[in-house]
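Structural features, examined
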Amino acid sequence: MPEFCDVALPVPLDTAFTYHLSGEVEPVVGGRVLVPFRQQRMSGIVVGVHDRKPSVKTKDVLTVLDTTPVLDDQLLRLGKWIADYYLAPLGEVFRTMLPLTAEFKRAIGYRITEEGHMTLHLAGMAGSSARSRKTPEQLAEYRVLNYLADRELVREETLRSATRANNSLLGGMLRKKWIAREDFSGKRDAARTVKVAVLKTADGKLNDNQRRVIETLAAAGGRLPVSNLQTLDIPRTTLATLVKRGMIEVVEEPEQFTVSSVKPRPSPFDFQLNSAQQEALKRIRDGVEAHKFAGLLMHGVTGSGKTAVYLAGMRAVLEAGRSAILLVPEIGLTPAVAADLHQVFGEEVAILHSALSDQERAEQWHRIKRGEARMVVGTRSAVFAPVADLALIIVDEEQDSSYKQEGVPRYHARDVAVMRAKMAGAVVVLGSATPSLESYFNATQNKYALIELPDRVEQRPLPQVEIIDMRQEFQETGHEQVISRKLAQAIGERLERHEQIMVLLNRRGYSPVVLCRTCGKTLECKNCAIALTHHKRARKMECHYCGYTAPVPQHCIQCGSEYVYFLGTGSEKLEELLHGLFPQARIGRLDRDTVRGREDFERALAGMNAGEIDLLVGTQMIAKGHDIHGVTLVGVVGADIALGMPDFRAAERTFQLLTQVAGRAGRGETPGKVVLQTYFPDHYAVQFAANHDFAGFYDKELRFRSWMRYPPYSALANVLVRSEKLDEALAWSGALGKWLEQTPHDGIRVLGPSAAPIVRLKRDYRYHFILKSDSREKLNRLLRAMLAHAAQQKIPRTQVIVDVDALWLM
């Protein structure tokens, strides 16, 4: 057995750590081990085993967690590619790839030391008069020492609960060496179970409560989850009594997983694919049968039947005994797509996304790993699903920014999907009605094959789009309008005809700005340079970046004036206005405030599909992918919000959002209409979206990008330097700026340092650089050298964020 192993740990350090092997179980490359790191235990991935003795003393591996790899050779190579390309620590990449946190239980404990016993003894000798002169912090310390004095090792949560100790207090006592901290984290069983009550006999004398339990169980066939019985209005002891008498047995059983509670749409195989769909399917099948990498960009207008082609392609893969992955951008789209897949493929489907619990994700991951599910659907992290014999990866709505991870590692799931398909010799299909400029440009350069679906299924027409100039609306009405007269009229007409409507306003809350009319100050977040948003129903002000909340102000907090003005409109206010205009309408709202979990989203979509909601208001969550045949009108309020952002992608994002939301109208038998309200009716993004003209927008936007050498004509990286202290952020960004000035970097343009558009976020002051280059290799080399220089200058690695192929420059 080798003597040492190299382990990648989830820490912000670009290195693996060598540990000594002392146990009888040999670790495997790609498997997990439990190791000591600093003052705690960590789970890491073995990346190598060897007999090379390091020059420094090594610690022992505590436990070998896996005897078979959890990451196979292909996924290990993919992880190393992500770490290299996105300049991310390898251990943090592997942590992202493995949704198995439920199998590792963090457990920290505290015990009293000899110094702690001595301190407590001296305090006892000092008497009550001396104790009365102690500070509140000293008294709290003695509470902790007293609690620990008679116990061996106490869990952190137990100690906190019993003594009301906080992090600062425990940290101070550790530095004084009065207490010691021990980590006894380890592996645990993450299986989900449910307690089920089983009826054994109904014979015997029963009181009223006991009879209700027995009758409820009998009516349910003799078995019910205990949680169902607990909803009955009876004492908890009733069930326990029946168990003691042997009338009921409580057993633990594996908890069932519901793929989706959304009603599946009609099967795509119930109707004939049109010629364009058949050609697209043939291209996919040919690629899969060739067992070679192929990149396909499927550009199909909204309602052209891309999902039917996806499912047909996945069915062909399953029939060949191979595996496929379908990525969708929003958690909200997953239940609907999962329902479609479950209808077609049954138990062969697994689902992976962040709205699942840790246990559910681990359970689904193991189903895929065991080969029980070969069709996987999920959001960006599903690209790492451990499927065997991968044949096809589909990235739906490939242009969506939610495929880009905001935290470390800052990978783009679309690009990772392309690389994984290359490594596996599989086909990757990028699908969209509004492809990103980068993907469409790659298709025109023959890096991808371009597949066009130019028409809607069954020859349904694209919706007619009417642009409302809100400047003219103001001139004619004399006051600011949220809902124009034309839109209000169109909504009323559709309601009379019992048709459904969607209204988009891509801004949460009631009012986005609270302004004092006396001093002109806005109410800002205390952690961010961002105005707080008013949430009327929740009676609070909230920051949508860090989550900070504050009470709704009655007076200006700066000058005390009572003239506080709530400015602007969010989706909550829009819902209220529509209720006022159409009191008889059944109105629903879909945004991050109303959707807290997948059940909320499924409920809203089910209501729309069942015709229980007449009018749905929402943010961009309603814009993509939903196929609701009853919607004949889409209203867009504030269509041009994004155009004012200091971002070179602002026009592209606006065009994509308008085109996508317009595509929700007229997907059934009745033709659709879109009413688009804007203050910039002549802007090319608005005009091309209104005309459903992707090619025209692409040509014009590409010309602007070429002039400024922005992607796709260059590789781009955003380097952000942050610190809670303004002086540090300025000094660090200045030091890196000086180094970049003095370091030769031919072919790379550096912009900055300058204050980020949002100069303070989550308590950090932020300064950034933007780097552009025609050569990715040169750019990567310079960024690595810059990070090495930052380390030499003692700038913490976590305070220098490198975002390769950045989508968000704010």
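All of the points below concern the structure found in this document. This structure is a prediction, so every number in the text was calculated from the model and none was measured.

The helix and strand tally for the protein stands at 25 helices and 35 strands. C-alpha atoms of the protein, sized along the principal axes, occupy 90 × 85 × 70 Å. Counting only residues that meet the buried cut, the protein has 53% of its 810 residues in that class. Relative to all contacts within the protein whose residues are 6 or more apart in sequence, the contacts with residues 24 or more apart total 76%. As displayed, the protein offers around 37,600 Å² of accessible surface, 49% of which is attributable to carbon and sulfur atoms. Averaging the positions of the 106 positive and the 96 negative side-chain charges in the protein gives two centres separated by 5 Å.

This brings us to the environment of His789. Looking at where His789 falls in the secondary structure, it is placed in helix α25 (residues 776-792). His789 sits 53 residues away from Leu736 along the chain, and the two C-alpha atoms are 8.0 Å apart. Those residues in contact with His789, other than ones at most four positions away along the chain, are Ala735, Leu736 and Trp739.

Among the six residues of strand β30 (residues 631-636), six are classified as buried, and the element is accordingly described as predominantly covered. Looking at chain direction, strand β22 (residues 500-504) and β30 are connected through five bridges and run parallel. Counterpart to Ile501 in the pairing with β30 is Leu633.

What follows is about a nonpolar patch on the surface. The grouping of Met118, Leu122 and Met125 at the surface amounts to a nonpolar patch, some 340 Å² of accessible area in total. The topology assignment puts Met118 in helix α3 (residues 114-126).

This paragraph deals with helix α10 (residues 237-244). By the burial criterion, the buried members of α10 are Thr238, Leu239 and Leu242. Projected onto a plane normal to the axis of α10, the buried residues spread over an arc of 95 degrees and lie on a single side. In α10, the exposed positions angled more than 90 degrees off the buried face are occupied by Thr237 and Lys244. Residues of α10 that are buried sit in contact with α8 (208-219), α9 (226-229) and β13 (248-254).

Our next topic: the pattern of salt bridges. Per the stated rule, a full pass over the model turns up 40 salt bridges. With its nearest N and O atoms 3.1 Å apart, the salt bridge here joins Arg414 to Glu398. Of this pair, Arg414 sits in helix α15 (residues 413-424) while Glu398 is found in the loop between β18 (390-396) and α15, placing the two residues 16 residues apart along the sequence. Given the relative accessible area of 9%, Arg414 is considered buried.

For an α-helix the count is 3.6 residues per turn, leaving residues at separations of three or four pointing the same way. Taking 1.5 Å per residue, twelve residues should reach 16 Å; helix α18 (residues 485-496) reaches 17 Å between its end C-alpha atoms and fits that length. Every buried residue belonging to α18 is among Leu487, Ala490, Ile491, Gly492, Arg494 and Leu495, and all of these are buried. Buried residues along α18 sit in contact with β22, α19 (571-581), β29 (615-618), β30 and β31 (673-678). A positive phi of about 60 degrees marks His498, the residue just after α18.

Let's shift gears to the sheet that holds strand β15 (residues 323-327). Within a beta sheet, neighbouring strands are joined by backbone hydrogen bonds and run either parallel or antiparallel to one another. If you walk across this open sheet you meet the seven strands as β16-β17-β15-β18-β19-β14-β20, and the pairing is parallel. In the strand order of this sheet, the two ends are held by β16 (349-352) and β20 (449-453), each with one partner. Pairwise comparison of adjacent strand axes, ignoring direction, gives a mean angle of 20 degrees for this sheet. Examined bridge by bridge, β15 and β18 share five bridges and lie parallel to one another.

Moving on, we come to the packing of helix α16 (residues 437-444) against helix α23 (residues 694-708). Where α16 meets α23, the axes come as close as 11 Å, and the angle between the chain directions of the two elements is 95 degrees. In terms of their interaxial angle, α16 and α23 are classed as roughly perpendicular. On the side of α16, the interface is formed by Leu437, Glu438, Tyr440, Phe441 and Thr444, while α23 contributes Phe694, Phe697, Tyr698, Glu701, Leu702 and Arg705. Class assignment of the residues belonging to the contact of α16 with α23 gives a composition of seven nonpolar, one polar and three charged.

Note the cis peptide between Pro711 and Pro712, where omega equals 15 degrees. Mapping Pro712 onto the fold places it in the loop between α23 and β32 (715-723). Cis geometry marks the peptide bond from Gly752 to Pro753; its omega dihedral reads 10 degrees. With respect to the secondary-structure elements, Pro753 resides in strand β33 (residues 748-761).

Further remarks concern the environment of Ala83. Looking at the secondary structure, you find Ala83 in helix α1 (residues 73-85). Each C-alpha atom of the pair Ala83 and Val93 lies 6.5 Å from the other, and the pair is ten residues apart in sequence. Leaving out residues up to four positions away in the same chain, Ala83 has contacts with Ala88, Leu90, Val93 and Arg784.

Turning our attention to the packing of aromatic side chains. Evaluation of the coordinates by the stated rule reveals 16 aromatic pairs. An angle of 20 degrees between the planes, with centres 5.0 Å apart, marks the rings of Trp81 and Tyr85 as stacked. Taken as a pair, Trp81 and Tyr85 lie in helix α1 at a separation of four residues, close to a single helical turn. Considering the side-chain rings of Tyr440 and Phe694, the 4.9 Å spacing of their centres and the 70 degrees angle between planes classify their relative orientation as edge-to-face. In this pair, Tyr440 is assigned in helix α16 and Phe694 in helix α23, connecting sequence segments 254 residues apart. A residue is classified by how much of its surface remains accessible, and Tyr440, at 11% relative accessible area, is buried. Through a chain of ring-to-ring contacts, the aromatic side chains of Tyr440, Phe655, Tyr684, Phe694, Phe697, Tyr698, Phe704 and Trp707 assemble into a single cluster. When the ring centre of Tyr565 is taken as reference, the NZ or CZ atom of Arg517 above it lies at 3.9 Å. The ring of Tyr710 carries the charged tip of Lys772 above its face, separated from the ring centre by 4.0 Å.

For the rest of this paragraph, the subject is the nonpolar core. Membership of the largest hydrophobic core comes to 113 residues, with the highest contact counts inside it found for Leu71, Leu327, Val636, Leu783 and Met786. Setting aside anything within four residues of it in sequence, one finds Leu71 in contact with Val29, Gly30, Ile45, Leu76, Phe94, Met97 and Leu98. One finds Leu273, Val288, Leu356 and Ile451 within the second-largest nonpolar core, a separate group that totals 34 residues.

A word on the sheet that holds β32. Read across the open sheet, the four strands follow the order β33-β34-β32-β35; overall the sheet is antiparallel. Of all strands in the sheet, those with a lone pairing partner are β33 and β35 (800-804), marking the two edges. Along the sheet, successive strands turn relative to each other by an average axial angle of 20 degrees, direction set aside. Inspection of the sheet shows β32 paired to strand β34 (residues 764-773) by nine bridges, in the antiparallel sense.

Mapped onto the secondary structure, Glu473 falls in helix α17 (residues 470-477). Given the relative accessible area of 6%, Glu473 is considered buried. Residues within four places of Glu473 in sequence aside, it is in contact with Ile468, Gln481, Ser484 and Arg485.

The N-to-C vectors of helix α5 (residues 136-149) and helix α6 (residues 156-163) enclose an angle of 125 degrees; their axes lie 10 Å apart at closest approach. Classified by the angle between their axes, α5 and α6 sit oblique to one another. As for how α5 packs across α6, the hand of that crossing is right-handed. Seen from α5, the contacting residues are Arg143, Val144, Tyr147 and Leu148; seen from α6, they are Thr158, Leu159, Ala162 and Thr163. Class assignment of the residues belonging to the contact of α5 with α6 gives a composition of five nonpolar, two polar and one charged.

This brings us to the environment of Glu249. Structurally, Glu249 can be placed in strand β13. Since its relative accessible area comes to 34%, Glu249 is described here as partly exposed. Remark: the alpha-carbon pair of Glu249 and Leu199, spanning 50 residues in sequence, is separated by 6.6 Å. The contacts of Glu249, once residues within four sequence positions are left out, are Val196, Ala197, Val198 and Lys200. In terms of polar contacts, Glu249 uses its side chain to reach the side chain of Lys200, at 3.0 Å.

Calculation notes
Residues numbered from 1 in each chain as written. Predicted model: local features only at pLDDT ≥ 70, side-chain atom pairs only at ≥ 80, totals over all residues. Heavy atoms only, no water. Helix = DSSP H or I, 4+ residues; strand = E, 2+ residues; numbered from the N terminus. Buried < 20%, exposed > 50% of the residue type's maximum accessible area, 1.4 Å probe, protein only. Contact = heavy atoms within 4.5 Å. Areas by Shrake-Rupley, 256 points an atom, 1.4 Å probe, with all protein chains shown as cover. Lys, Arg positive; Asp, Glu negative; His and termini not counted. Charge placed at Lys NZ, Arg CZ, Asp CG, Glu CD. Pairing = 2+ DSSP bridges. Patch = residues over 30% accessible without salt bridge, like charges linked within 9 Å, V, L, I, M, F, W, Y side chains within 5 Å. Salt bridge = Lys/Arg side-chain N within 4 Å of Asp/Glu carboxyl O. Arc of directions from axis to C-beta. Expected span 1.5 Å × (residues − 1). Axes fitted to C-alpha atoms, helices over the stretch in contact; angles between N-to-C directions. Parallel < 35°, antiparallel > 145°, perpendicular 65-115°, else oblique. Nonpolar A, V, L, I, M, F, W, Y, C, P; charged D, E, K, R; others polar. Phe/Tyr/Trp six-rings, centres within 6.5 Å; stacked < 30°, edge-to-face > 60°. Lys NZ or Arg CZ within 6 Å of the ring centre and 35° of its normal. Core = buried A, V, L, I, M, F, W, Y, C linked by side-chain atoms within 4.5 Å. Left-handed = near helix turned anticlockwise from the far one by under 90°. Polar contact = N/O pair within 3.5 Å; in protein donor to acceptor, adjacent residues only side chain to side chain.

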